[in-house]
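Letter by letter, the chains look like this.
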Amino acid sequence: MEPIHEIMEIRRKKMEDLKSLGIEPYPQIRDEFLTTEEIRKLYDGKEEDELQKTSPRARCAGRIVSMRDFGKSVFFHILDRKGKLQVYVRKDVIQSPPYEAFKKLDIGDIVGVEGTIFKTKTKELTLLANSVTLLSKSLRPLPEKWHGLRDVEERYRKRYVDLIVNEKVRNVFTKRSQIINFIRSYLNSKDFIEVETPMMHTIPGGADAKPFITHHNALDMDLYLRIAPELYLKRLVVGGLERVFEINRNFRNEGISVKHNPEFTMLEFYQAYASYEDHMVLLEDLISRILEQLTGESKILYKGNLIDFTRPWRRYTMEEALSIFGGFNLREVSDIKNLREKAIFLGIEEAKSMSKGKLITKIFEMLCEDKLIHPTFITHYPVDVSPLAKRSKENPEIVERFELYIGGMEIANGFNELNDPFDQKQRFIEQRENKKEEYPIDEDFIVALEYGMPPTAGCGVGIDRLVMILTDSPSIREVILFPLLRP
RNA sequence: GGGCCGUUAGCUCAGUCCGGUAGAGCAGCUGACUCUUAAUCAGUUGGCCGGAGGUUCGAAUCCUUCACGGCCCA
């Protein structure tokens, strides 16, 4: 027998012993429990004498995560969603179950405890148990109490164990929820409405990425998991939903890295009668408020760098950024031949087939991206990497667009939406000519624009990456509960 | 796709250079112990050393290959 099965066999035997003592290992319950946090709030501020005099009664539930056995008494900690509470069981105090039956419980078991609250001589708030009710028997051993579960692969594959054992991991996902919650209420308060647009598209669009392909049997046609919700959200603006947002998954059939997971969460919001400059201000405000709410600080540590969120955030045109962070003067090297040489020199593989704007953008990413640690807006993107953005009045080769960089990562991308159906059609055609994939043009989107879309600014925010920054997580897999792994 | 690193007990890790019968701590199990908190003390079980091939008298250790994962590059 494998050793793990020996351990499990011992636990199964204990479970049978408990059953024969009339204790059901997986009971139905209807009791209401306080959380460990509620118990702390009620009693942690009180003095030992006062607790001793009043002996307040309390009941809570959680998983046994540690245990110290003294023979005729036992200390253990239970863990619930709010934290830990110490429980003290004495042979001469416990009423249910009999002390001998209680001793059949293991670390990992889920129990309800009921008793009186006191403080130990080291002043730890503790529940002296009158009863310990088994709520669920655990049959597998938990990882070691001191080092926990470290193996990265095992942590992702058995995230449930990771969450039990690693408090930091619980905190990351609690924070993630708070961040998303905050974004929702922020946008709601600004009169945006939340919508849900299709996850399955008949034509992939709204971004430059390879889609996942799936198939609808009844209609016998291929569908594409969406790479971006953009074209649908803009249809809604045409429809008069002037302020919309969606927080949901995008799917991109591309490489996996510390910054990329095939499915990732994106916030997109669209606001009629606003400009991309308004949205830079909105992002500053939104993210500053999240930070305020989360930490109360304006600076946070990310991967050892102190990131300063003090407003206003830096703004550079792409040309300025190339010069300042890349030492690359775009005016001196402006013709496509020289740009191509530079790109090849930098090791950009597909430089030969790239357009001028694409070359500039790639060179920018190579030279500048990882230097943009503090929140920084980059503006003045080339038109040929921005097929959905409105051209600049001053220079038709440039679009009215920004990207926000924090911690060396692209966090957000926003622009004035192209609402000229003729220009949009032309850009779609040009875009398709430069690509290998033969996806049809989304003609219905053009039709929508022909009905008239108000001047609109739109913005996408990579939620996972934002959470990475705000939780000091070095990999996107640390902020996604179940990142993609081979089976 | 390429490079480097990793995979040893349920968990955390030694052992790999330089081949010679597989080690520790925690958890588990048996005892002792009614204010401990990495409790303590005494004893103790537990390994297809990721898989498959090879080299060798002999492989966790060297070689090949595969799988999974991590980081970097594309």
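Draft legend 1. The pairing of strand β5 (residues 125–136), seen in detail. Of all the 12 residues making up β5, 10 are buried; the element is thus mostly covered by neighbouring parts of the structure. The pairing of strand β3 (residues 83–90) with β5 spans 3 bridges and is parallel. Paired with Q86 across the bridge in β5 is T126. Here strand β4 (residues 110–119) pairs with β5 via 10 bridges, running antiparallel. Across the sheet, G112 pairs through a bridge with T133, a residue of β5. In this antiparallel pair of consecutive strands, β4 and β5, the connection spans 5 residues, and K123 shows a positive phi of 70°.

Draft legend 2. Quick look at the side chain of R465. Summarising the element assignment, R465 is placed in helix α15 (residues 463–470). Among buried Asp, Glu, Lys and Arg side chains, R465 stands out as unpaired, with E410 the closest opposite charge at 4.8 Å. At a separation of 3.2 Å, a polar atom in the side chain of R465 contacts the main-chain carbonyl oxygen of K259.

Draft legend 3. The pairing of strand β17 (residues 409–416), seen in detail. Of all 8 residues in β17, 6 are buried; the element is thus mostly enclosed. Note: strand β16 (residues 398–406) against β17, 6 bridges, orientation antiparallel. Residue pairing in the sheet places R401 in a bridge with F415 of β17. The hairpin formed by β16 and β17 contains 2 residues between the paired strands, and G407 there has a positive phi angle of roughly 60°.

Draft legend 4. Structural context of the layout of surface pockets. Reported here for the second largest pocket is a volume of approximately 1,000 Å³. Taken together, 31 residues form the lining of the second largest pocket, with L79, K84, I164, V165 and R170 sitting closest to its centre. Those elements giving two or more residues to the lining of the second largest pocket turn out to be α1 (3–20), β1 (57–69), β2 (73–80), β3, α6 (159–165) and α7 (167–189). Sorting elements by how many residues they give to the lining of the second largest pocket places α7 first, with 6 residues. Counted by class, the lining of the second largest pocket contains 12 nonpolar, 7 polar and 12 charged residues. Both domains that meet at the lining of the second largest pocket, namely domain 1 (4–142) and domain 2 (164–313 + 374–478), each give it at least three residues.

Draft legend 5. Local environment of the packing of aromatic side chains. Applying the stated criterion to the full structure yields 13 aromatic pairs. Residues F70 and F75 carry aromatic rings whose centres are separated by 6.1 Å and whose planes lie at 80° to one another, so their mutual orientation is edge-to-face. Each ring, one from F309 and one from W313, has its centre 6.0 Å from the other, and the planes form 70°; the classification is edge-to-face. A relative accessible area of 3% means that F309 is categorised as buried. Residue W313 is classed as buried on the basis of its relative accessible area, which comes to 3%. Cluster of aromatic residues (ring-pair linked, three or more members): F70, F75, Y88 and F118. The ring of Y232 carries R235 above its face, with NZ or CZ at 4.6 Å from the centroid.

Draft legend 6. Region of the structure containing empty space enclosed by the protein. Within this structure, the stated rule accounts for 1 cavity of 30 Å³ or more. Space inside the largest cavity adds up to approximately 30 Å³. Surrounding the largest cavity, H201, I203, G205, A228, L231, Y232 and D442 form its lining. For the lining of the largest cavity, the residue count by class is 4 nonpolar, 2 polar and 1 charged.

Draft legend 7. Representation of the protein's contact with RNA strand B within the structure. Among the 42 residues in the neighbourhood of RNA strand B, the closest are listed as K14, K121, T122, K145 and E153. Close to the protein, within 4 Å, the atoms of RNA strand B are drawn from sugar and phosphate at a rate of 62%. One of the backbone nitrogen or oxygen atoms of G71 is found 3.1 Å away from a base nitrogen of RNA strand B. The separation between a sugar or linking oxygen of RNA strand B and a polar side-chain atom of R157 is 3.1 Å.

Draft legend 8. Inspection of unusual backbone geometry at higher detail. The step from S96 to P97 runs through a cis peptide bond, and the omega angle for that step is -5°. Backbone torsion omega between R311 and P312 reads 0°, so that peptide bond is classified as cis. Locating P312 in the fold gives a position in the loop between β13 (305–308) and β14 (314–317). The backbone of H380 sits at a positive phi, close to 65°, despite the residue not being glycine. With respect to the helices and strands, H380 occurs in strand β15 (residues 376–382). Residue D472 is not a glycine yet carries a positive backbone phi of 50°. Tracing the sequence through the fold places D472 in the segment after α15.

Draft legend 9. Layout of the sheet that holds β5. Read once around its circumference, the closed barrel built from 5 strands follows the order β1-β2-β3-β5-β4, with strand pairing classed as mixed. Neighbour-to-neighbour, the strand axes of this sheet turn through a mean angle of 55°, independent of strand direction.

Draft legend 10. Spatial organisation of α15. Counting buried positions over the 8 residues of α15 gives 8, a clear majority of the element. Of the positions making up α15, those classed as buried are I463, D464, R465, L466, V467, M468, I469 and L470. In the stretch just after α15, D472 is the one whose phi turns positive, near 50°.

Draft legend 11. Representation of the pattern of salt bridges. One pass over the structure, following the stated rule, counts 41 salt bridges. E16 is the salt-bridge partner of K19, the closest N and O atoms lying 3.7 Å from each other. With a gap of 3 residues between them, K19 and E16 both fall in helix α1, about one helical turn apart. For K19, a relative accessible area of 41% corresponds to the partly exposed category.

Draft legend 12. Region of the structure containing the packing of α7 against helix α9 (residues 276–295). Two numbers describe how α7 lies on α9: the axes approach to 10 Å, and their chain directions differ by 135°. Taken together, the axes of α7 and α9 lie oblique to each other. The two elements α7 and α9 meet at a crossing, and its hand is right-handed. Two secondary-structure elements touch here, α7 through K175, Q178, I179, F182, I183 and Y186 and α9 through L282, D285, L286, R289, I290, Q293 and L294. Split by residue class, the contact of α7 with α9 holds 8 nonpolar, 2 polar and 3 charged.

Thresholds, definitions, all that
Here the residue numbers are simple positions, counted from 1 along each chain's written sequence. As they are written, the chains are lettered A onward and the ligands numbered 1 onward, keeping that order. Owing to the predicted nature of the model, reporting of local features is limited to residues with pLDDT of at least 70; listing and counting of side-chain atom pairs is limited to 80 or more, with chain, interface and lining totals taken over all residues. Note that water and hydrogens are dropped before the side-chain values are worked out from all heavy atoms of the structure. Buried residues are those whose accessible area, probed at 1.4 Å on protein chains only, stays under 20% of the maximum for their type, while exposed residues exceed 50% and partly exposed ones sit between those limits. By definition, any uninterrupted DSSP run of H or I lasting at least four residues is a helix, any uninterrupted run of E lasting at least two residues is a strand, and each is numbered from the N terminus. A strand pair is defined by DSSP finding two or more bridges across the two strands. Asp and Glu are treated as the negative residues and Lys and Arg as the positive ones, with His and the ends of the chain left uncounted. Any Lys or Arg side-chain nitrogen found within 4 Å of a carboxyl oxygen on Asp or Glu counts as a salt bridge. For this analysis, a polar contact is any N or O atom pair within 3.5 Å, provided that within protein one partner can donate a hydrogen and the other can accept it, and provided that sequence-adjacent residues contribute only side-chain to side-chain pairs. Every definition here rests on a 1 Å grid over the protein atoms only: cavities are sets of points where a 1.4 Å probe fits but cannot get out, pockets are open sets enclosed by protein on both sides within 12 Å along at least five of seven lines, and lining residues have some atom within 4 Å of a point. Grid points are joined across faces, edges and corners, and a volume is the space filled by probe spheres set on the points. Note on residue classes: Ala, Val, Leu, Ile, Met, Phe, Trp, Tyr, Cys and Pro are nonpolar, Asp, Glu, Lys and Arg are charged, and everything else, Gly too, is polar. For the domain bounds, the source is a domain assignment made automatically or taken from a database. Only centres within 6.5 Å qualify two rings of Phe, Tyr or Trp (six-membered ring in Trp) as a pair; their planes then separate them into stacked at under 30 degrees, edge-to-face at over 60, and tilted for everything else. In this analysis the charged atom, NZ for Lys or CZ for Arg, is taken to sit over a ring once it is within 6 Å of the ring centre and within 35 degrees of the ring normal. Distances are taken per atom, and a residue is near a molecule or strand as soon as one of its heavy atoms is within 4 Å of it. Whenever a helix is involved, its axis is fitted only over the stretch in contact; in every case the axis is a line through C-alpha atoms, and angles between N-to-C directions fall within 0 to 180 degrees. Any angle from 65 to 115 degrees is called roughly perpendicular, while one under 35 is roughly parallel, one over 145 is roughly antiparallel, and all others are oblique. Less than a right angle of anticlockwise turn of the near helix away from the far helix marks a crossing as left-handed, whereas a clockwise turn marks it as right-handed. In what follows, a contact means two residues having at least one pair of non-hydrogen atoms within 4.5 Å.

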